[in-house]
Amino acid sequence: MTTQLIALSIALGVVNIVIAGAVVLNRLVARYSDRRYRRAVEQVRPIVLSAIAGDAVSLGVRSRIELLATGDLLAKYGRNLSGDGRVHVNELAERSGVIDALVRGSQSRRSWKRAACVYRLGDLGRNQAELLIVRLSDSDRRVRNAAARSLGKQRCTEGVRPIAYAFGRGTIARAVGAQALIDIGPPAADALARLLSSGPVLVQAGAAELLGRLGTVSHSSLLAEAMDHHDPEVRVAAVRALGRIGARSAAARILPVLGDPVPFVRSAAATALGALGSRDAIDALTVMAESDEYLPARAAAESAVLLGGRFPDPGPHLREAIRMSEVTA
Amino acid sequence: MADTTILIAEDDPDIRDLVVFRLERAGWQVLEAGDGEQALEIIRSKKPDLVIVDWMMPVMSGIELISELREDPETGSLPILMLSARAQETDIVHGFTSGANDYLTKPFSPQELFLRVQALLARS
């Protein structure tokens, strides 16, 4: 028994030593790699800077670490430069093999590597719409977010529809999807308008919401029509979008939505009328503030006060809204 | 041109290197600072002819640096170009009202930066 315990102790000791050795070795390898990476950055930096200035330089990238350092530097400068500087960054990225390496990396088995490569592709080189759209369906959310962001950075109009679908289905971060479409610009708004008319319900709701951020007054009649949609998610997104766009002419169309059967649609309508400065709505909002359920009543009270309504005998929601307006004035 | 000294206050060393490379190539002497406080020390000791300032820096922001410079009679009229990723209209207005003479947003063109620096120096 004693012999067995001694043997077990020795075995545990050996295992401990092996684990400690592995940790130390891992650290040493990491430190060595880091030093090599930094050295590579210092080596390629002057060449990259010359290339950005328009000099005809040749970048003889030899090792993987040099390729990585070049890719990181070029992606960083690609993000921060415009004009000729950006053109030169793209040319060098193509010539040095960085783009090809990133395309290969975007298919890596490791998700963090796919995400990093897809992210960098947005800052460099030629239009990669096809590859990036495929990555919008990646199993890893970070990769999908990076793909949406890169489609936006490359202003790929082909990406609008898949981004809007991903946005509507919640497979990418909402802020990332919205920013990508903002980066793509006016063509994105037109594509969203088409999706609002004829997409699956979740995509229609997403399209309406995004039109509120990207659209103009010219989209207000389409959004006004969407307020009659059978699905409340689409109705609420359309009402909010109209409030956000600031289409004053839509106020008359929003007013009947205060009677919507779904409370959160009524809340959104009340808030939108306040945002649009629709003084014609004060009476209806006051009635709603006194009689509706908690959330729509609160929203109605806030808008009624915002619009400068006068209330001889205010109920609790209106009193609260008046107090809040005095605090924030 | 070689007598002209420009200070670049920018916390990102890669962007700083890029600006230094472009300005030195134009024949100017370039000093570097990684934050606002370091920039303030260099400005007081070396008295550069122009300062390029990033907005978001550690220790002291670009806006705080500009305010300090404008309050000091010795540096009150020093030409300042703000180079920032903050590109909203309100940010640009804030930059100018804080005392910047010019404002360039990132992403930026190195050629445009050079031309703006040249114009500011010619006006000063």
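For every chain, the first residue of the written sequence is number 1, and numbering continues from 1 along that sequence. By the order in which they are written, chains take letters starting at A while ligands take numbers starting at 1. Totals for whole chains, interfaces and linings use every residue, but because this is a predicted model, local features are given only for residues with pLDDT of at least 70 and side-chain atom pairs only at 80 or more, for both listing and counting. No hydrogens and no water enter the side-chain calculation; it runs on all heavy atoms of the structure.

Draft legend 1. Region of interest: the domain arrangement of chain A. Residues and elements named next belong to chain A. Domain boundaries shown here were taken from an automatic or database domain assignment. Per the domain assignment, the segments of chain A are domain 1 (66–181), domain 2 (185–247) and domain 3 (260–329). The straight-line distance from the C-alpha centre of domain 1 to that of domain 2 is 27 Å. Contacts between the two partners involve 10 residues from domain 1 and, on the opposite side, 14 residues from domain 2. A combined buried area of about 1100 Å² lies between domain 1 and domain 2, and 75% of that area is made up of carbon and sulfur atoms. Contacts were defined at the residue level, with two residues in contact if any of their heavy atoms lie within 4.5 Å. As a working definition, buried area equals the accessible area (1.4 Å probe) given up by two parts on being put together, with both sides summed.

Draft legend 2. Examining empty space enclosed by the protein more closely. Residues and elements named next belong to chain A. The way it works is a 1 Å grid over only the protein atoms, where trapped points that fit a 1.4 Å probe form a cavity and open points with protein on both sides within 12 Å along at least five of seven lines form a pocket, and then any residue with an atom within 4 Å of a point lines it. Grid points are joined across faces, edges and corners, and a volume is the space filled by probe spheres set on the points. Taken as a whole and assessed by the stated rule, the structure comprises one cavity of 30 Å³ or more. Lining the largest cavity, in full, are Arg-298, Ala-301, Glu-302, His-317, Glu-320, Ala-321 and Met-324. The secondary structure listing takes helices from DSSP runs of H or I that are at least 4 residues long and strands from runs of E that are at least 2 residues long, numbered from the N terminus. Mapped by element, the contributors of at least two residues to the lining of the largest cavity are helix 17 (294–306) and helix 18 (316–328). The greatest single-element share of the lining of the largest cavity, amounting to four residues, is contributed by helix 18. Looking at the lining of the largest cavity, its residues break down into three nonpolar, one polar and three charged. Here the term charged refers only to Asp, Glu, Lys and Arg, the term nonpolar to Ala, Val, Leu, Ile, Met, Phe, Trp, Tyr, Cys and Pro, and the term polar to all other amino acids, Gly among them.

Draft legend 3. Main features of helix 16 (residues 282–291) of chain A. All names here are of chain A. Turning to helix 16, its buried residues number three or more, namely Ile-282, Leu-285, Thr-286, Met-288 and Ala-289. End-on, the buried residues of helix 16 take up no more than an arc of 165 degrees, which puts them together on one face. Every exposed residue of helix 16 that faces more than 90 degrees away from the buried side is listed here: Asp-283, Val-287 and Ser-291. Each residue gets one of three labels from its accessible area relative to the maximum for its type: buried under 20%, exposed over 50%, partly exposed in between, using a 1.4 Å probe on protein chains only. Throughout, the arc means the angular range of directions from the helix axis out to the C-beta atoms.

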